[in-house]
Amino acid sequence: MTTTNEVTLSFEIFPPKNDTAADTLAQTLADLAPVPASFLSVTSGASGSAARATAEQALAYGDALGGVPPRPHLTCVQASRREMEDLVGACLDVGIDRFVAIRGDAPPDQPVYTPRADGFAYADELTLALKRWGARDVAVGAYPEVHPDADDGDHCLDVLKRKMEVGADRIITQYCFDTDQVLRWADAVRTAGIDAPIGIGVMPVHNYAQIKRFSDRCGAGVPQWLTDALADLEPGSSEAIDRAADIAAEQCRRLIRGGLTHLHVYTLNRSALTLAILRRLEAGPEACRWAA
């Protein structure tokens, strides 16, 4: 007998840097539009004088995905308080009232994160301001593994608690290939009394070498079994796509069995691998049905 699990999805994209990348993203959004999604997160781009254009572009991305609410990323490093308020105001003016609030990474020339004097120091301060400015829903980030700048997992949990206490509505995690660690982290979050919705970040591996470099920078672990499975495959080949889709789909099934039924897929602005994963989740004895 087939058991159908109801799962919610969200997708993440980043603003393209040239016309070719814009065409690729447009096709990706068209490909994913038939799949019901809760929201579309858009990583941080321009702000300040380009606030209105940034807001309108985020709205256009959501429309291209079938009218899905966009959720712009706002980072403490990207703008001053005044610029941030202008950007949020522009978003609210066009009907965007959902956001992702994160600290952001230190610039390449800054070995240790240092808050900008004219901005917000950390995501809890930014979250509090967003709620005061009229944001309806604010998502904040979390690390199933220890954040690179944190002392340990307890420190990470304390930071997450502060963000929830000032009004954050939901959590979106960094991707983590160690599913056992994700499940342990989720148990710790619930034990700490945090009952907000959690979207678990799922990273399809389009290119092993690229993901390894990115993971090394952001503190995400790359287990040896993943290296053994994908490192020697040609990026974009049918074998690489099939194997990466199998790996991600199995992780999603385990997350769902563990009660984590919102999947936040990092698309990297491409659709083929994301769709391959979703097709696998729709089949078999643990088939998934997507909730709008």
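Our subject is the structure that appears above.
(A) Broad picture of the environment of histidine 264. As for its placement among the helices and strands, histidine 264 is situated in strand E8 (residues 262–266). The contacts of histidine 264, once residues within four sequence positions are left out, are Ser10, Phe11, Glu12, Phe39, Ser41, Ile172, Gly199, Ile200, Gly201 and Val202. Among the polar contacts listed, one links the side chain of histidine 264 to the side chain of glutamate 12, at a separation of 2.9 Å. Within the structure, histidine 264 has its side chain in polar contact with the side chain of serine 41 (distance 3.5 Å).

(B) How the structure looks around the pairing of strand E4 (residues 98–102). Relative to E4, strand E3 (residues 70–75) runs parallel, the two sharing three bridges. Counted as the bridge partner of threonine 75 is isoleucine 102 from E4. Of the crossover connections in this fold, the one passing from E3 over helix H3 (residues 81–93) to the parallel E4 is right-handed. Relative to strand E5 (residues 137–142), E4 runs parallel, the two being bridged by four bridges. Within E5, the residue paired with arginine 98 across the bridge is aspartate 137. In terms of handedness, the path from E4 via helix H4 (residues 123–133) over to E5 forms a crossover that is right-handed.

(C) Summary view of helix H7 (residues 208–218). Residues Tyr208, Ile211, Ser215 and Cys218 constitute the buried set of H7. All buried residues of H7 lie within an arc of 100° about the axis, which places them on one face of the element. Seen from the buried face of H7, the exposed residues on the opposite side, beyond 90 degrees, are Arg213, Asp216 and Arg217. Where H7 is buried, its residues meet helix H8 (224–230).

(D) Highlighting the pattern of salt bridges. The final tally for this structure, using the stated rule, is 18 salt bridges. A salt bridge links glutamate 56 to arginine 52; its shortest N-O distance comes to 2.9 Å. Taken as a pair, glutamate 56 and arginine 52 lie in helix H2 (residues 51–64) at a separation of four residues, close to a single helical turn. Put simply, aspartate 180 and arginine 254 hold a salt bridge, and the shortest N to O gap is 2.5 Å. Linking aspartate 180 in helix H6 (residues 179–191) with arginine 254 in helix H9 (residues 238–257), this pair joins segments that are 74 residues apart in sequence. You can call aspartate 180 partly exposed: its relative accessible area is 37%. Salt bridges sharing common partners tie together Glu250, Arg253, Arg257 and Glu286.

(E) Structural detail: unusual backbone geometry. If you check the backbone angles, leucine 268 has positive phi at about 55° while not being a glycine. Examined against the element boundaries, leucine 268 turns out to sit in the loop between E8 and helix H10 (272–281). Judged by relative accessible area, leucine 268 falls into the partly exposed class, the value being 22%. Of note, asparagine 269 is a non-glycine position whose phi angle comes to about 65°, a positive value.

(F) Molecular detail of the packing of aromatic side chains. Applying the stated criterion across every chain, the model contains five aromatic pairs. Taking 5.7 Å as the distance between ring centres and 55° as the angle between the ring planes, the aromatic pair formed by tyrosine 113 and tyrosine 122 counts as tilted. Both rings, one in tyrosine 175 and one in phenylalanine 214, keep their centres 6.2 Å apart while their planes meet at 25°; by these two values the pair is stacked. With a gap of 39 residues between them, tyrosine 175 in the loop between strand E6 (170–173) and H6 and phenylalanine 214 in helix H7 connect regions that are remote in the sequence. By relative accessible area, which is 33% here, phenylalanine 214 ends up partly exposed. By way of ring pairs, the aromatic residues Tyr175, Phe177, Phe214 and Tyr266 are connected into one cluster. Its end group placed over the ring of phenylalanine 39, arginine 71 keeps NZ or CZ at 4.3 Å from the ring centre.

Scoring rules and cut-offs
Residues numbered from 1 in each chain as written. Predicted model: local features only at pLDDT ≥ 70, side-chain atom pairs only at ≥ 80, totals over all residues. Heavy atoms only, no water. Helix = DSSP H or I, 4+ residues; strand = E, 2+ residues; numbered from the N terminus. Contact = heavy atoms within 4.5 Å. Polar contact = N/O pair within 3.5 Å; in protein donor to acceptor, adjacent residues only side chain to side chain. Pairing = 2+ DSSP bridges. Right-handed = clockwise from strand over helix to strand, strands pointing away. Buried < 20%, exposed > 50% of the residue type's maximum accessible area, 1.4 Å probe, protein only. Arc of directions from axis to C-beta. Salt bridge = Lys/Arg side-chain N within 4 Å of Asp/Glu carboxyl O. Phe/Tyr/Trp six-rings, centres within 6.5 Å; stacked < 30°, edge-to-face > 60°. Lys NZ or Arg CZ within 6 Å of the ring centre and 35° of its normal.

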